[in-house]
Amino acid sequence: MSLSPKGALRHSGSLFAMSLDVLRTLPRRPFQVREFIQQSWFIASVTILPTALVSIPFGAVIALQIGSLTRQLGAQSFSGAASVLAVLREASPIVTALLIAGAGGTAICADLGARKIREEIDAMQVLGIDPIHRLVVPRVLASMVVAVLLNGLVSVVGVAGGYFFNVVLQNGTPGAYLASFTTLAQLSDLWAAELKALVFGAIAAIVASYKGLTAKGGPKGVGDAVNQAVVITFMLLFVTNFVMTAVYFQIVPQRG
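Residues numbered from 1 in each chain as written. Predicted model: local features only at pLDDT ≥ 70, side-chain atom pairs only at ≥ 80, totals over all residues. Heavy atoms only, no water.

In the annotation of an unreviewed UniProt entry, the chain is listed under the name ABC transporter permease and assigned to Streptomyces halobius.

Below is the structure:
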């Protein structure tokens, strides 16, 4: 990727144009059902276990920090409410996004990049087959579906991990921890987290597909494309998370 401002603008425009092409191609028929199922299974298989393992320390750190803070403030009864709110609203979408981008996105980029340097993409275009419709759209949809499902998994595992560390290590009260779940959190927080996961999955897949389809320079170029895809995706995810969180706070009234 060029480091000049002109090159950065060109790549940003190309990425945005590809995003529009994906949106335009989504309703086109026939839908690639087999490719979608294969990609969904593949992305899920490489992300489920790492996501579950990463969500445990996330929930533990949140529970330990909040438990220590609430003890200092004399508000131990709100430990469960604050932990659930933090895991549900922020931790679960972020963990999902990082794993989807780091595991699923790299696989998508490497696969499409290998096809590109083997000139399979050029052969498809010569035959009149649109690579966006045939390869990119199923991967984007698969990434979105798996991200939404993984977000639910992270929420459950993170809350369970937080409960364990708060009750066992910090001598918290199990009843108070469970009873305060809905004190601060609300159903709209879950829907907002699922929407975040959906958008993050789409961003990760589109960026990975773009870098894979524009890879050049042989196997080294594919490796560089994978690295660039991960870095770009992480930056876009954190910016998008900030924007969506700010909009959510302006739209949804918060409990206090």
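Picking up after the structure, the text goes on.
**Q** Looking at this structure, I do not really get the UniProt feature "transmembrane region" (unreviewed entry) in the chain. What am I missing?
**A** The UniProt record marks residues 41–64, 94–114, 140–165, 190–208 and 229–251 with the feature "transmembrane region" (unreviewed entry), using the residue numbering of this structure. Spanning residues 41–64, this segment combines 100% helix with 0% strand, and its end C-alpha atoms are found 35 Å apart. Between the end C-alpha atoms of residues 190–208 the distance is 27 Å, and the span holds 100% helix and 0% strand. (UniProt positions renumbered as here; feature names shortened; annotations may be inferred. Helix = DSSP H or I, 4+ residues; strand = E, 2+ residues; numbered from the N terminus.)

**Q** Looking at this structure, I do not really get the environment of Asp21. What am I missing?
**A** When you line up the elements, Asp21 lands in helix α1 (residues 5–25). Take Asp21: its relative accessible area is 28%, and that puts it in the partly exposed class. Linking Asp21 and His133, residues 112 residues apart in sequence, is a C-alpha distance of 9.0 Å. (Buried < 20%, exposed > 50% of the residue type's maximum accessible area, 1.4 Å probe, protein only.)

**Q** Explanation requested: the pattern of salt bridges in the structure shown.
**A** A full pass over the atoms with the stated rule returns 10 salt bridges. Put simply, Asp111 and Arg115 hold a salt bridge, and the shortest N to O gap is 3.3 Å. Of this pair, Asp111 and Arg115 are both found in helix α3 (residues 79–117), 4 residues apart, which corresponds to roughly one turn of the helix. Its salt-bridge partner being Asp224, residue Lys220 comes within 3.1 Å of it at the nearest N-O pair. Of this pair, Lys220 and Asp224 both sit in helix α9 (residues 218–251), 4 residues apart, which is roughly one turn of that helix. (Salt bridge = Lys/Arg side-chain N within 4 Å of Asp/Glu carboxyl O.)

**Q** Can you help me understand the side chain of Asn151 in this one?
**A** Topologically, Asn151 is positioned in helix α5 (residues 131–169). Setting aside anything within four residues of it in sequence, one finds Asn151 in contact with Ser92, Pro93, Thr96, Ala193, Glu194 and Ala197. (Contact = heavy atoms within 4.5 Å.)

**Q** Would you take a moment to explain the packing of α1 against α5 for this structure?
**A** When two helices pack together, their arrangement is captured by the angle between the axes and the distance separating the axes. The geometry of α1 relative to α5 is characterised by a closest axis approach of 10 Å and an angle of 90° between their N-to-C directions. Looking at the two axes, α1 sits roughly perpendicular to α5. Here Met18, Asp21, Val22 and Thr25 of α1 come into contact with α5, specifically with Ile132, His133, Val136, Val137 and Val140. Of the residues belonging to the contact of α1 with α5, the class tally is 6 nonpolar, 2 polar and 1 charged. (Axes fitted to C-alpha atoms, helices over the stretch in contact; angles between N-to-C directions. Parallel < 35°, antiparallel > 145°, perpendicular 65-115°, else oblique. Nonpolar A, V, L, I, M, F, W, Y, C, P; charged D, E, K, R; others polar.)

**Q** How should the nonpolar core be read in this particular structure?
**A** Most often, soluble globular proteins keep nonpolar side chains buried together rather than apart. In this structure, Ile100, Ile132, Val136, Val140 and Leu213 are the most contacted members of the largest nonpolar core, which totals 42 residues. When contributions to this core are tallied by element, the ones reaching two or more residues are α1, α2 (33–73), α3, α4 (120–126), α5, α8 (187–213) and α9. When residues of this core are assigned to their parent elements, the largest contribution, 11 residues, is made by α8. Leaving out residues up to four positions away in the same chain, Leu213 has contacts with Met18, Leu112, Lys116, Ile121, Ile132 and Val136. (Core = buried A, V, L, I, M, F, W, Y, C linked by side-chain atoms within 4.5 Å.)

**Q** Where do I start with the side chain of Thr47 in this structure?
**A** Relative to the assigned elements, Thr47 resides in helix α2. Classification of Thr47 as buried rests on a relative accessible area of 0%. In this structure the side chain of Thr47 is engaged in a polar contact, spanning 2.6 Å, whose partner is the backbone oxygen of Ile43. Look past the residues within four positions of Thr47 in its chain and what remains in contact with it is Leu99, Ala103, Gly104, Val146 and Leu150. (Polar contact = N/O pair within 3.5 Å; in protein donor to acceptor, adjacent residues only side chain to side chain.)

**Q** Mind showing me how you'd approach the packing of aromatic side chains here?
**A** For any pair of aromatic rings, geometry is given as the distance between the ring centres together with the angle between the planes. On inspection of all chains with the given rule, the structure shows 2 aromatic pairs. Ring centres of Phe31 and Phe36 lie 5.9 Å apart, and the angle between their planes is 55°; on these two criteria the pair is classed as tilted. On the basis of relative accessible area, Phe31 is assigned to the partly exposed category, the value being 29%. The interplanar angle of 50° and the centroid separation of 6.0 Å between the aromatic rings of Tyr248 and Phe249 together place this pair among those described as tilted. The class of Phe249 is partly exposed, set by a relative accessible area of 38%. (Phe/Tyr/Trp six-rings, centres within 6.5 Å; stacked < 30°, edge-to-face > 60°.)

**Q** Would you mind going over the confidence of the model for the chain with me for this structure?
**A** Note: predicted coordinates in regions of low pLDDT should not be interpreted at a detailed level. On average, residues of the chain carry a pLDDT of 82, and 91% of them reach 70 or more. Of all the helices and strands in the chain, helix α7 (residues 181–184) carries the lowest mean pLDDT, 68, while α8 carries the highest, 88. (pLDDT = per-residue confidence, 0-100.)

**Q** Even after reading the chapter, I still don't get the packing of α5 against α8, so can you show me in this structure?
**A** Where α5 meets α8, the closest approach of the two axes is 8 Å, and the angle between their N-to-C directions is 145°. Judged by the twist between their axes, the crossing of α5 over α8 is right-handed. Here Ile132, Val136, Arg139, Val140, Ser143, Met144, Ala147, Val148, Asn151 and Gly152 of α5 come into contact with α8, specifically with Ala193, Glu194, Ala197, Leu198, Gly201, Ala202, Ala205, Ile206, Ser209 and Leu213. Considering only residue class, the contact of α5 with α8 consists of 13 nonpolar, 5 polar and 2 charged. (Left-handed = near helix turned anticlockwise from the far one by under 90°.)

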